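Residue strings, one per chain:
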Amino acid sequence: MALLTIDGIGKRFRGVQAVRDVSFAVEAGTIAALIGPNGAGKTTCFNLIAGSFPPDAGHVSFDGKALDGLRADQVCRAGIGRTFQIVRPFNALSVLDNVVIGALCGTRDVRQARIRAMEVLELLHLDGKAGQRAQTLTLPERKRLEVARALATGPRLLLLDEVMAGLRPTEIDEMVAIFTRLNRDTGLTILLVEHVMRAVMALARHIVVLHHGEVICRGTPDAVVRDPAVIESYLGSEAP
Amino acid sequence: MAASVYLNVAASGILTGLVYGLMALGLNVIFGVVRIVNFAHGEMMMVALYAVILAWSAWGIDPLWLLIPLAACFFLIGYGLQRGLINPFMTRPEHSQFILLVAIGMILSNGALLLFGPEARGVQLAYQLDSIEFGPLLIDKARLYAGLAALAASAALFAFFRLSRTGLAIRAYADSQRGALVVGLDLRHLFAIAFGLGTACVGAAGAMLSLLIDVTPSVGPAYTLLAFIIVIIGGLGSFGGALLGGVLIGLAEALAGLILLPSMKSMVSFGLLILVLLLRPQGLFGRRT
Amino acid sequence: MNRLLDTVPRRAIWALVALLALLLVAPAAVSPYLLSALVLMLYFACVGQSWNLMMGFAGLLSLGHALYAGLGGYVAAALWVHFGIGPWLGAPVAALIAAAAGGVIGALAFRFRVGGVYFALLTIAFAEFTRIGFEHFDWVGGAGGFFLPVAAQADPIDLRGGPILFYYLLLALTACLFLLCRGLSTSRIGYYWIAIREDEEAARALGIDVTHYKLLAITLSAALTALGGTIIAFYGNVLSPGDAFGAQRSIEMILAPLVGGIGTLFGPLLGAAALSLLGEGLRWAIDAAGIQLPGLTQLVYGVVLLLVVRFLPHGIWPALARRLRLER
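Along each chain, residues carry numbers from 1 onward, in the same order as the chain's sequence is written. Just so you know, chain letters begin at A and ligand numbers begin at 1, following the order they were written in. Selection of residues for local features in this predicted model requires a pLDDT of at least 70, selection of side-chain atom pairs for listing and counting requires 80 or more, and totals for whole chains, interfaces and linings are taken over all residues.

**Student:** Tell me about the overall build of chain C, residues and numbers included.
**Tutor:** When helices and strands are tallied, chain C shows 15 helices and two strands. Expressed as lengths along the three principal axes of its C-alpha atoms, the size of chain C is roughly 60 × 45 × 40 Å. For chain C, the proportion of its 328 residues judged to be buried stands at 50%. For every residue pair, C-beta atoms are placed from the backbone, and the pair is scored as a contact if these atoms sit within 7 Å. Partitioning the intrachain contacts of chain C with sequence separation of at least 6 by distance along the chain shows that 75% fall at a separation of at least 24. Only DSSP runs of H or I reaching four residues or more are called helices, and only runs of E reaching two or more are called strands; each is numbered from the N terminus. Burial is judged by counting the other C-beta atoms within 10 Å of a residue's own C-beta: 20 or more makes it buried, 12 or fewer makes it exposed, and any count in between marks it as partly exposed, with every C-beta position built from the backbone.

**Student:** Can you lay out the sheet that holds strand β10 (residues 214-219) of chain A for me, pointing to particular residues and giving the numbers?
**Tutor:** All names here are of chain A. Any two strands are treated as partners once DSSP identifies two or more bridges connecting them. Taking strand neighbours across the sheet as the criterion, the six strands line up as β6-β7-β8-β3-β9-β10 in an open arrangement whose pairing is mixed. In the strand order of this sheet, the two ends are held by β6 (80-82) and β10, each with one partner. Along the sheet, successive strands turn relative to each other by an average axial angle of 15°, direction set aside. Examined bridge by bridge, strand β3 (residues 31-35) and strand β9 (residues 206-211) share four bridges and lie parallel to one another. Looking across to β9, one finds that Leu34 is bridged to Val208. The axes are straight lines fitted to the C-alpha atoms, using for helices just the contacting stretch, and the angles between their N-to-C directions are given from 0 to 180°.

**Student:** Pulling in residues and values, what's your account of the pairing of strand β2 (residues 16-27) of chain A?
**Tutor:** All names here are of chain A. As defined by bridge partners, strand β1 (residues 2-13) adjoins β2 across eight bridges and the pair is classed as antiparallel. Its bridge partner being in β2, Phe13 is matched across the sheet by Val16. Between β1 and the antiparallel strand that follows it, β2, lie two residues; Arg14 among them carries a positive phi value of about 40°.

**Student:** If you had to explain the interface of chain C and chain A to someone new, which residues and values would you point to?
**Tutor:** With 17 residues of chain C in contact, the opposing surface of chain A contributes 20 residues. When residues of the side of chain C that touches chain A are traced back to their parent elements, those giving at least two are α8 (188-198) and α9 (200-205) of chain C. Sort the elements by how many residues they give to the side of chain C that touches chain A and α8(C) lands first, with five residues. Among the residues making up the side of chain C that touches chain A, the classes are represented as eight nonpolar, three polar and six charged. Throughout, the ten residues Ala, Val, Leu, Ile, Met, Phe, Trp, Tyr, Cys and Pro are labelled nonpolar, Asp, Glu, Lys and Arg are labelled charged, and all others, Gly among them, are labelled polar.

**Student:** Lay out the packing of helix α1 (residues 3-33) of chain B against helix α8 (residues 187-209) of chain B with the relevant residues and their values.
**Tutor:** All names here are of chain B. Axis separation between α1 and α8 bottoms out at 8 Å; the angle between their running directions is 165°. Here α1 is positioned roughly antiparallel relative to α8, judged by the angle of their axes. The handedness of the crossing between α1 and α8 comes out as left-handed. Residues Val19, Leu22, Met23, Leu25, Gly26, Leu27, Val29, Ile30 and Val33 of α1 touch α8, and the partners they reach there are Ala194, Phe195, Leu197, Gly198, Thr199, Cys201, Val202, Ala204, Ala205, Met208 and Leu209. For the contact of α1 with α8, the per-class residue count stands at 17 nonpolar, three polar and no charged. Here roughly perpendicular refers to angles of 65 to 115 degrees, roughly parallel to angles under 35, roughly antiparallel to angles over 145, and oblique to all remaining angles. Note on convention: the crossing is left-handed when the near helix lies turned anticlockwise from the far helix by less than a right angle, right-handed when the turn is clockwise.

**Student:** Which residues make up the interface of chain B and chain C, and what are the values?
**Tutor:** The accessible area lost on association of the parts is a frequent measure of interface size. Contact residues are listed per partner, giving 31 residues for chain B and 33 residues for chain C. Elements represented by at least two residues in the side of chain B that touches chain C include exactly α4 (94-116), α9 (220-234) and α11 (265-279) of chain B. Class assignment for the residues of the side of chain B that touches chain C results in 23 nonpolar, six polar and two charged.

**Student:** Now, about the sheet that holds strand β5 (residues 65-66) of chain A: what can you tell me, with residues and values included?
**Tutor:** Across a sheet, paired strands are connected by hydrogen bonds in the backbone, their directions being either parallel or antiparallel. Residues and elements named next belong to chain A. Strand order in the open sheet made by the four strands is β2-β1-β4-β5, with antiparallel pairing throughout. Each end of this open sheet is capped by a strand with a single partner; those strands are β2 and β5. Here five bridges tie β1 to strand β4 (residues 57-62), and the two strands are oriented antiparallel to one another. Looking at β4, one finds that Asp7 is bridged to His59.

**Student:** Can you break down unusual backbone geometry residue by residue, with the values?
**Tutor:** At B:Arg35, a position not held by glycine, the phi torsion is positive, near 60°. Residue placement: B:Arg35 occurs in the loop between α1 and α2 (41-59). Positioned with a positive phi, C:Leu159 is a non-glycine residue whose angle comes to about 55°.

**Student:** Kindly report on the pairing of β4(A), identifying the contributing residues and their values.
**Tutor:** Residues and elements named next belong to chain A. Of the pairings in the sheet, the one linking β4 to β5 comprises two bridges and is antiparallel in character. When the sheet's bridge partners are listed, Ser61 is paired in β5 with Ala66. With antiparallel pairing between neighbouring strands as the criterion, β4 and β5 make up a hairpin whose turn holds two residues, including Asp63 at a positive phi of roughly 55°.

**Student:** Quick rundown of the arrangement of the chains? Include the residues and the values.
**Tutor:** The interface with the highest contact count, out of two pairs of chains in contact, is the one between chains B and C. In this structure chain A stays clear of chain B, and the shortest span between their C-alpha atoms is 12 Å.

**Student:** Just give me the short version of the confidence of the model for chain C, but keep the residues and values in it.
**Tutor:** When pLDDT is averaged along chain C, the result is 89, and 97% of the positions lie at 70 or above. Complex prediction metrics read pTM 0.89 and ipTM 0.92. As a per-residue measure, pLDDT tells how confident the predictor is, with possible values from 0 to 100.

**Student:** Account for helix α10 (residues 210-236) of chain C, naming residues and giving values.
**Tutor:** Between the first and last C-alpha of α10(C) there are 39 Å, a value that for 27 residues agrees with the 39 Å anticipated at 1.5 Å per step. Among the residues trailing α10(C), C:Asn237 stands out with phi positive, at a value near 65°. For a helix, the expected span equals 1.5 Å multiplied by the residue count minus one.

**Student:** Give me the lowdown on helix α6 (residues 116-135) of chain C, citing residues and values where you can.
**Tutor:** Look at α6(C): 29 Å from first C-alpha to last across 20 residues, which is about the 28 Å you get at 1.5 Å a residue. For α6(C), a buried count of 18 out of 20 residues is recorded, marking the element as mostly surrounded by other parts of the structure.

**Student:** How would you explain the packing of helix α12 (residues 247-260) of chain C against helix α14 (residues 296-311) of chain C if you had to name every residue and give the values?
**Tutor:** Residues and elements named next belong to chain C. Between α12 and α14, the least distance of the axes is 10 Å, while the angle of their chain directions is 35°. Classified by chirality, the crossing of α14 by α12 is left-handed. In this structure, α12 contributes Leu255, Leu258 and Val259 to the contact, and α14 contributes Tyr301, Val304, Leu305 and Val308. The class makeup of the residues in the contact of α12 with α14 is seven nonpolar, no polar and no charged.

**Student:** Any chance you could break down the confidence of the model for chain B for me, citing the residues and the numbers?
**Tutor:** In the predicted model, chain B carries a mean pLDDT of 86, and 94% of its residues have values of at least 70. By mean pLDDT, helix α7 (residues 177-183) of chain B is the weakest element of chain B at 61, and α2(B) is the strongest at 93.

**Student:** Kindly report on the environment of C:Leu177, identifying the contributing residues and their values.
**Tutor:** Residues and elements named next belong to chain C. Of note, Leu177 is situated in helix α7 (residues 163-185). Using a count of 24 C-beta atoms within 10 Å as the deciding quantity, one classes Leu177 as buried. Leu177 sits 59 residues away from Gly236 along the chain, and the two C-alpha atoms are 22 Å apart. Setting aside residues no more than four positions away along its own chain, Leu177 makes contact with Cys46, Gln49, Ser50 and Leu224.

As C-alpha cells, this is what we get:
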C-alpha cells in the first residue's frame, strides 16, 4: 500500500524547469531513495512534498489524503518529518531543547515532550550531549540532531535530505544501522535523497533516479545500478 | 479651486520632492549598499540644518554656497562613523544594528536640544520672498533653487556611480557581495565610502532644505521615516527610484495638504508606505530579493 | 507553582523574595518625590516586559510600541470620561482593542511575509498614523489634549488617588507579568516562540504554525502594554497624541529591556531601575548645579544605550546574573 504518492509534479523557478512530470510511490514501511546528479531536482521534490512551496502541476498524496497546498507546518502535523540538506539547529538552545521542540508536535505537555526527546536522543546516540548547546556539536552530531528533531515529531514518513554527506565510513554505517533498526522496529517509512551510494545500497528497497528534473529510471537497487542511462548520467562505470 | 492653484501646489511639491529625493538617495546608498538601517538619517539631516542655519546666523553665508563644503564635511563624518563605530555591527544580529543607530539618533537630537534649545531657527534670505513666473505657474525662488540644486547633486552622484572606479566597485558589491570579495576589493574602505556618500547627500539635502523650513531638535524622526518611505516606495537599490519616490511623496504631500488638512499630509505618506510594504515590497523599481 | 520554580537555583529564589519584600515596604520608607519616581520606574518595567515578550521570545522588533500604551490610556480614559465606565472595566476593553490593533498589524505583516526592518518600519508607521489621527480626533481632545478630572478624595474604583495607589497597582502588574513570562518560557508556547526567533523555516518543518504564534506574541504583548498604558494615564491625568503615540515614547519604552537584557525575565526591571537611578541622579546633579540642561537625561540614555549595545549586547542582566551566580 502506497503511503506517499507523487503524481506528475512539476515546478519552475524563473525560467528553469527544476522538476518535470515526476511520479513515484513509496510503500508504507519501506525505505526508498531518490538519487541523481546535482541539480537533478531531488531537493526540490522534497520541498514540494514537505510543503515549502506548492507544485505548479501534479499532486502529492499521503496516506490517501491530498497534500496539495498545505503549508510546511501542516504537512509535518499530517505525519511527514523532514531534515534539511544544510542543517538548521536552533543554535542558542541545548541539544535536548532542540528535540523537545520537535516532540511538542505530538504533545502539549513539556514534561512529556522532554521524556520523548530523551528517548529519541538515545536512539541517535546523542543522549550524552543532551545539556550541551547545539552550537557546540560536531557536524556528524548536528546531522544526528537534525534527524532526532524530525523524528521527535512522530512522523510516519521521514524525509532525509543528504544526511550522510560529509560523514566518515564508520559514521555512515552507524547511521545506516540506526535507520535500519527504526524501520524494522517501528515500521517508519523513509525516503532518502542521497549521494552516498554505500548508504543507498544498504538501505533502499526501491530507488528512483532523477536527471534534469525528470525520472529516468526506477526499480530495485540492483536493477538501477545496472541501468545504462543511470550509469551514463550519474554513476559512471565504476558503480558498486 | 482653480487649476492654477493645483498646478502651483504640484510644482512646489515636486521641487520639495527633489530635495527629499536627494535625502532618500543618501539612505539608498547606505541601506541598499552597506545594508545599514540608518535610523538616524533624519537626525543627521537635522544636524546639517543646524550647521547651515548657524553659519548663516554667524557669518551671513547663503546656504547654497555651503552645499559643497557641507557635503564634504558630512562625507568625512560618515566615513569615520562607519569605519569607527558601525563596522563591528555588520556581523551582528540585525536588531543590534538598528538599536545602535537609534541610540545615535537619540544622542544627536538631544545633543541639539541641549546646545540650541527647543526654539525653531531658520534662515532669512531676500530671495525667499521672491517668485518666478513660468506661464500659469508662480514658483518660489528659494524652492526652485533648492530643487535644482538637488537635481544637480543627484546627477553628480549618478555620474560618480556610473563613471568612477570606486563607484563601480560599490555597485558591484551591491549587486553581488561574493563577487566583490573575489575580486579583492577592500570592503571596509568601500563600505565607509558608501556610508560617507550617503551622509554627504544628507548634508547637501540639509543645506537645501534650510531654504524651505525652520529647524528644531525634534525634526529628525519625521525625516528618517520619510526617507525610508521614499526608499521603499521607490525600491531599494534603485537610484532613480529614490529620486522619483521623493518627487512622488513631495507631490502627494503637497496635494494632500491642499485637498485634506495640512496637518494630515504625513498620513498620506504612511498610508502609501503601508500599502507598498504589503502589496509591492520591492517598490516601484526595486528588485525582489 | 512548582513547575515555575523547577530549574531555578535556591539562591535566586531567596533573592527574589528579598526584592519583593523590599519593593512592598518601599513606599513607607521613601520621600514622595522618590515614590513618584518609583511609580514611573515600575511603569517602564511593565511596558518593557510586555515589549520584551514580543522581542525577546518571538524576535519581533516593534519600534512603534507606544501605539498600544497610548490606546490603553485613551480608550480607558474615554470610556470613563464619556460613559462613566470605570477603569477596572475600561482597562480590559482597552487591552482588547490594543490586541486587535496588534492583530491587524501582525496579520498584515505576517501574511505578506514582512519581517526585520520592514516590520519595524511598519510598526513606526502605524504608530505615527495613529498619532496624527488622534490629533484630529476631537472627541478625545484632539491635539489639545484629553484631561481626566481629578477627584478631591481617593477612590480606588476610579483610580483616583495618590502615588501609593499606583505604586502598588503597578507593582502587582509587574509581578503578574513576571510570573506570566516565566510560565510562558517553560511552556510549549515559549519553546515555539524561541524556535521561531531562531529559525522560522526549521520551526515550520517541526509543525509550528509560525503565523499563528507570531500573532499570539504580538496581540498578547499589545494587550499587556495597554494595561500599563491605562494605569499610567490615570496616574498622569492628561493625554496628548504626541506624548502618547510619539516616536520619543516608543523609544523610551524599550530602553529598559534593551539595557537590562532582551529575552530575560529580569532584564526589563533591572533596566528600568538602572535608568531611573541614572535619570534621578542626573536630575539631582543638575539641580544642585543650578543650571538648566534640557535633553541631558535623554542624551545620557542614548549614550548608555550605545555603550550597552556595543559592549553588552545581551544587556546587563546576563552578565550580572553570572556574577551573582543567580542563573546557571
